[in-house]
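# Architecture at a glance
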Amino acid sequence: MDSEIAHVQMEDIARLKGRKRLTYLLDGWEDKIRQSLYGSMAAEVNQHPVVLSLEDMTGHQGSADKLLEVSIGDGHNIIAVTTDNPTVMQSFRRKFQAKFYWVITLPCFLHGLNTIIGEICAHPFMKKNVTKATCVVTFFNGSHYWGGQLKEQAKIDNVKRGLKKNCESRWYALILQSMSVRDHRKSLSHICLWEDAQKKIGDVIAIVLPIDQGIKVAKPIVDLIGDEESHESSLASCMIGLIRVAKAISQLPLEESDNFDFWLHLKTVFNRHFFAMNTKIHTLALFLHPICRKLAISQVANGRSFKFMVETALDVAKQWRWDEQLAKSLVGDLKEYYKCTGIFVGGQADALDWWETLPVSTEQCPLKALAIIIHSIVPHAADIECYFSGLGGVQSIKRCNLSVHTFESLSKLRSSYAYFLYKMDSKAGKPVRQKHAHMHTHPECRLNVALADELQRSFAWIPPLTTDSDDQDYLAGDVPDVLDGGLIDWSELERVNKGITPTGFIEEIEVLNRSSDHVSGWNIDALLTSEGIALM
């Protein structure tokens with residue numbers, strides 16, 4: 001195994017050597033012998049991730065300072081850090097950015113979606129019914145007799161899935177459990193009519209569990225998780241997906257049998273998380289998608305104007321220590337881009353490819369360099385979750401005392417073999433995206449152009465002003481709640497040609513190749529005023 005792992009590590013080093021736009025992924029996991037393990041990976045949009053390390057943090061409580069000790073060299077090839085969002089990870093991201101000033105730090109988008117599902121189901125009404133569903137699953141999965149009877153009846157009723165058990169460490173597992181109980185409702189009702197079942201089961205099972213309302217509101221979120229947990233996912237695709245979920249939820253009918261208090265709870269939870277997840281960087285990424293440049297500006301919910309986009313871009317430029325002249329050029333490029341004039345006419349679904357093939361050099365157009373970096377950021381830590389899932393398969397009852405070093409070696413081998421299969425499937429033209437039978441996922445992750453066009457004509461998301469995010473300080477005044485029935489047309493959404501692919505050349509873009517040796521001394525407000533943006 002030693003020679004094989006040495007070969008794999010040499011291959012990984014060769015893969016990372018020429019890549020300048022890496023996102024650093026970090027997350028923690030507790031194995032079967034309750035060791036606290038933290039895994040790190042280097043990921044990039046449209047590329048298979050590379051395992052960096054597996055660290056044993058047992059006894060250290062996974063502190064931010066301890067996590068920061070994990071060696072990543074000078075970090076010059078890292079453009080962003082994406083982690084889960086507990087307090088320790090928030091502290092880690094702040095300290096990481098203090099150490100590497102150019103790095104953009106973000107919470108995992110998919111963990112945020114999963115948190116929405118968890119908080120929605122925490123409502124007393126739904127929690128009570130989820131508990132009932134858990135009792136049903138536990139009873140039938142734990143009884144060989146009644147479980148067997150249910151399987152036989154499910155075959156007769158043409159039910160093709162089993163009862164799913166909830167697992168707190170897995171995304172959307174709670175909804176999968178509810179959906180499995182719903183699908184078995186007819187079979188469960190039939191079994192409960194048996195005389196011996198009445199004696200044995202009693203009131204453990206509710207023949208009609210009112211869990212449909214929870215499934216109905218959570219299904220669009222589950223579908224979005226399935227769409228975005230891929231290597232092609234970007235910040236812009238995540239945001240357009242979140243707006244799609246908002247539209248789907250706003251159009252859900254309130255049935256007579258639905259619980260109204262739960263519906264109000266749903267709106268409050270979703271609105272709060274919508275603002276928290278729609279950070280400045282996410283909004284800028286949506287604006288820098290050529291098809292969505294007008295959609296990002298016209299979000300009445302956010303009140304985010306063109307001036308806000310320029311300020312956010314200048315914040316990034318100042319973080320990267322661009323000089324004042326470069327910043328002025330960036331503002332000029334943003335003006336032309338917003339007007340859809342010059343080289344910025346048209347667009348396509350793949351934003352990263354559109355910017356990379358833009359027929360202008362990054363020396364002449366600093367906005368191109370900024371956009372390519374922003375669209376290269378991996379918005380989620382799904383690859384780390386898949387990595388831990390693979391570790392769970394490596395560690396078994398008979399192999400539970402592996403040293404962390406051996407554990408790490410086996411995991412790197414597994415990741416290398418998965419990459420080999422990924423390359424073979426890609427070369428053969430086979431789909432490489434994960435498929436989920438319980439989701440209505442898209443075959444490709446890139447922006448759904450038809451959806452963006454539909455949003456222009458039919459919908460604008462206007463959540464109320466309930467948020468804990470510091471990014472929302474600019475909001476003022478009352479905003480109507482679209483979930484109460486108010487819909488506003490996306491009249492400002494730019495209609496772009498969908499088949500235009502500009503020809504050009506691809507350049508190597510690095511964050512640090514434009515930074516000054518000292519901290520930039522220019523002022524954002526003064527620059528906005530000088531460029532005529534302050535009044536826009």
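Whatever comes next refers back to the structure up there.
Given the structure is predicted, the values throughout are model-derived calculations rather than measurements.

This part covers the overall build of the protein. Scanning the protein from N- to C-terminus turns up 22 helices and five strands. The buried share of the protein, reckoned over its 536 residues, is 54%. Long-range contacts, defined as pairs at least 24 residues apart, comprise 76% of the intrachain contacts of the protein with a sequence gap of at least 6. Carbon and sulfur atoms form 51% of the exposed surface of the protein, whose accessible area is close to 24,300 Å².

If you look at the biggest cluster of nonpolar residues, it comprises 133 residues, and the most contacted ones within it are Phe92, Leu113, Phe287, Leu288, Leu314, Trp355 and Leu367. The biggest single contributor to this core is helix 11 (residues 235-250), with nine residues.

All right, on to the pairing of strand 2 (residues 36-44) then. For strand 2, the buried fraction is high: eight of the nine residues fall into the buried class. When strand 1 (residues 22-30) meets strand 2, the two strands line up antiparallel, connected through eight bridges. Within strand 2, the residue paired with Glu30 across the bridge is Ser36. Once strand 1 ends, the chain turns through five residues before running back antiparallel as strand 2, passing Arg34 with a positive phi of about 60 degrees. With seven bridges connecting them, strand 2 and strand 3 (residues 47-56) associate as antiparallel partners. Within the sheet, the bridge partner assigned to Tyr38 lies in strand 3 and is Glu55. Between the antiparallel neighbours strand 2 and strand 3 lie two residues, among them Asn46 with a positive phi of about 70 degrees.

This paragraph deals with the environment of Lys155. Mapped onto the fold, Lys155 is located in helix 6 (residues 144-156). For Lys155, a relative accessible area of 62% corresponds to the exposed category. When the C-alpha atoms of Lys155 and Ser187 are compared, they prove to be 9.1 Å apart, with 32 residues separating the residues in sequence.

Next up on the list: the packing of aromatic side chains. Per the counting criterion, the structure on display carries 22 aromatic pairs. Ring plane angle 80 degrees and centroid distance 5.0 Å describe the contact between Tyr145 and Trp146, whose orientation is recorded as edge-to-face. Centroid distance Tyr387 to Phe388: 5.8 Å. Interplanar angle 40 degrees. Geometry classified as tilted. Here Tyr387 matches Phe388 in class, with each residue buried.

Moving on to the side chain of Ser409. In this structure, Ser409 sits in helix 20 (residues 404-427). Take Ser409: its relative accessible area is 9%, and that puts it in the buried class. Non-local contacts of Ser409, meaning those with residues more than four positions away in its chain, are made with Met1 and Ile5.

What follows deals with the sheet that holds strand 4 (residues 78-83). Read from one edge to the other, the open sheet built from five strands follows the order 3-2-1-4-5, with strand pairing classed as mixed. Among the strands making up the open sheet, the edge pair consists of strand 3 and strand 5 (104-107). Within this sheet the neighbouring strands show an average axis-to-axis angle of 25 degrees, counted without direction. Bridging between strand 4 and strand 5 involves four bridges; their strand directions are parallel. Looking at the pairing, Ala80 lines up with Ile104 of strand 5. Relative to strand 3, helix 1 (residues 2-17) is tilted by about 120 degrees, and along the sheet it contacts strand 1, strand 2 and strand 3.

The rules behind the values
Residues numbered from 1 in each chain as written. Predicted model: local features only at pLDDT ≥ 70, side-chain atom pairs only at ≥ 80, totals over all residues. Heavy atoms only, no water. Helix = DSSP H or I, 4+ residues; strand = E, 2+ residues; numbered from the N terminus. Buried < 20%, exposed > 50% of the residue type's maximum accessible area, 1.4 Å probe, protein only. Contact = heavy atoms within 4.5 Å. Areas by Shrake-Rupley, 256 points an atom, 1.4 Å probe, with all protein chains shown as cover. Core = buried A, V, L, I, M, F, W, Y, C linked by side-chain atoms within 4.5 Å. Pairing = 2+ DSSP bridges. Phe/Tyr/Trp six-rings, centres within 6.5 Å; stacked < 30°, edge-to-face > 60°. Axes fitted to C-alpha atoms, helices over the stretch in contact; angles between N-to-C directions.

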